[in-house]
Amino acid sequence: MEPPSQNLKTTPLLSLRRFHISEDYGFLLPNPLKELPDQFRPWMEIANELPHLIESRQLQARVNKVEQMLYDTLLSEMKVLNWPKEKARINLWYWMRVGNMSMKSCLALYICPCSAVRASRVTGNSAWLTWFSALLLWATCGRKDRHNPKSKHRKFPMRKRKEHEEGDKRKVLPRNLALPFVEVSRNLGLPPILAHADLVLTNWTTRNPERSLEIRNLDIIVSLPGGESLRGFILVTVLVEKAAVPGIMALVQAVNAILQHRDNSLLRALQQLRLSIQDITRTLGQMHNYVDPDIFYAVIRIFLSGWKDNPAMPVGLTYEGVSTEPLKYSGGSAAQSTVLHAFDEFLGICHSKESADFLHRMREYMPPSHKAFIEEIHSAPSLRDHILSSGNDQLLTTYNKCVEALVELRSYHITVVTKYLITVATKAKGRKPNHLPGPSQALEERGTGGTVVLSFLKSVRDKTLEAILHQSD
């Protein structure tokens, strides 16, 4: 029998429920809502017509007719329904996440080149608000200059004037989108830009709830340009998050086993963690079956890129009515997933200062409770110290197998990124596919989060390998 812990009375055990993390779905939002209340119907109707409105250039006029949507409307709806406090809090959070996803998706479409917007297949019938911010940024920014007879654009020849105006369109998000977008984001504790939490964690649904979670039984709620490749990119990432659930559960069991001095339980948890990491790697491999590299490179990644560390938008984006100066936010990135942050903290992986700074900044793009979960793991007793002090060779060997599995996952991630970014970029320098818009050359070697992607991923992989333990350590 293992000895009881001496710390049980003073150190609370780790639990997922405390951080609003599901034991069935991990960091994914269980059963995301697909619709908003009737008060938001004008926005939903625009979302249903987005492709037509973009092609016919009617989007600006339609958006200008819609009143600014305030966060207070969501609060008022909760009072009308008279839900109990806890249920109201949860449903309000769900509604805000749906609304925030809608606005963020629109924002991504709004600032991107028109050729890419025309390639879009905007589908789904929910998370409406996020879509508008993206589409509208492209459709309406810079409109005052175009109609002002004293505009500085008058001195440009027609062709250069058009290019100059299109550059301006990427700088300002109009007030009737910017204010509710920033307000809802602030209440969620998320930045006002499309992030991993929006694109993946809250953007999935099952076709048949009675069947298992496999890609044929899944669909996305809100789409971006990229068609089936975009759908595959999101849903494979959803399945990666789902594959991590046993590992997250094992991590919690392992932390509690250390607190309780139960080495047998710790050993089983580490074995389960290794299996989960290996399953994540296998699941990531489905990307090759569902995502076309050309479409990812020329369309999808452009819409996921942000306006921080992005040479294509060096000054950032002005949120009208929020700030007179442009704001800078990083685009959606796998580094914003809580999964590997949690694994790194638990296994005691120490990254280089540059990589660690970037990874810590990405935590600001996570739901606050997920970020708090990482911090809780960081403050827990050190797994590495426990293993070395225990003198337990089985624990040391199993720990090293977890680290090796994580190295293999990161090596495979490098392989995937090479295929979908580096190789396609090399081909694109010689020729641009006629059916796809050409991405900005400034983004050729950068990930959607703004890093020089290969050097970052290799550094993270190599530092993970250095975590291997030896008994003499």
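Whatever comes next refers back to the structure up there.
We now turn to the structure provided with this report. (Residues numbered from 1 in each chain as written. Predicted model: local features only at pLDDT ≥ 70, side-chain atom pairs only at ≥ 80, totals over all residues. Heavy atoms only, no water.)

**A few points about the pattern of salt bridges**
Right, on to step 1. On inspection of all chains with the given rule, the structure shows 13 salt bridges.
Right, on to step 2. With its nearest N and O atoms 3.4 Å apart, the salt bridge here joins Glu214 to Arg211.
Right, on to step 3. Judged by relative accessible area, which is 42%, Arg211 ranks as partly exposed.
Right, on to step 4. Note that Asp357 is salt-bridged to Lys353, the shortest N-O span being 2.8 Å. Remark: Lys353 and Asp357 occur in helix H18 (residues 353–362); sequence separation between them is four residues, near one turn of the helix.
Right, on to step 5. Given a relative accessible area of 42%, Asp357 falls into the partly exposed group.
Right, on to step 6. Each of Arg207, Asp219, Glu228 and Arg231 takes part in a single network of salt bridges with overlapping partners. (Salt bridge = Lys/Arg side-chain N within 4 Å of Asp/Glu carboxyl O. Buried < 20%, exposed > 50% of the residue type's maximum accessible area, 1.4 Å probe, protein only. Helix = DSSP H or I, 4+ residues; strand = E, 2+ residues; numbered from the N terminus.)

**Some thoughts on the packing of aromatic side chains**
Right, on to step 1. For the structure on display, the rule yields seven aromatic pairs.
Right, on to step 2. A ring pair is formed by Tyr25 and Trp204, whose centres lie 5.5 Å apart and whose planes are at 45°; its orientation type is tilted. Of this pair, Tyr25 sits in the segment before helix H1 (41–48) while Trp204 sits in the loop between helix H11 (196–201) and strand S2 (205–206); the two residues are 179 residues apart in sequence, bridging distant segments of the chain.
Right, on to step 3. Note on Trp204: relative accessible area 1%, which makes it buried.
Right, on to step 4. Looking at Arg301, its charged tip hangs above the ring of Tyr297, at a distance of 4.2 Å from the centre. (Phe/Tyr/Trp six-rings, centres within 6.5 Å; stacked < 30°, edge-to-face > 60°. Lys NZ or Arg CZ within 6 Å of the ring centre and 35° of its normal.)

**A short note on the nonpolar core**
Right, on to step 1. Ranked by internal contacts, the top residues of the largest apolar core, which has 76 residues, are Phe233, Leu251, Phe346, Leu347, Phe373 and Leu383.
Right, on to step 2. Ranked by the residues each element gives to this core, the list is headed by helix H21 (residues 393–430), at eleven residues.
Right, on to step 3. Apart from the residues lying within four places of it in its own chain, the contact partners of Leu251 are Leu14, Ala342, Phe343, Phe346, Phe373 and Ile377.
Right, on to step 4. Residues Ala178, Ala195, Tyr297 and Ala425 belong to the second largest nonpolar core, which totals 29 residues. (Core = buried A, V, L, I, M, F, W, Y, C linked by side-chain atoms within 4.5 Å. Contact = heavy atoms within 4.5 Å.)

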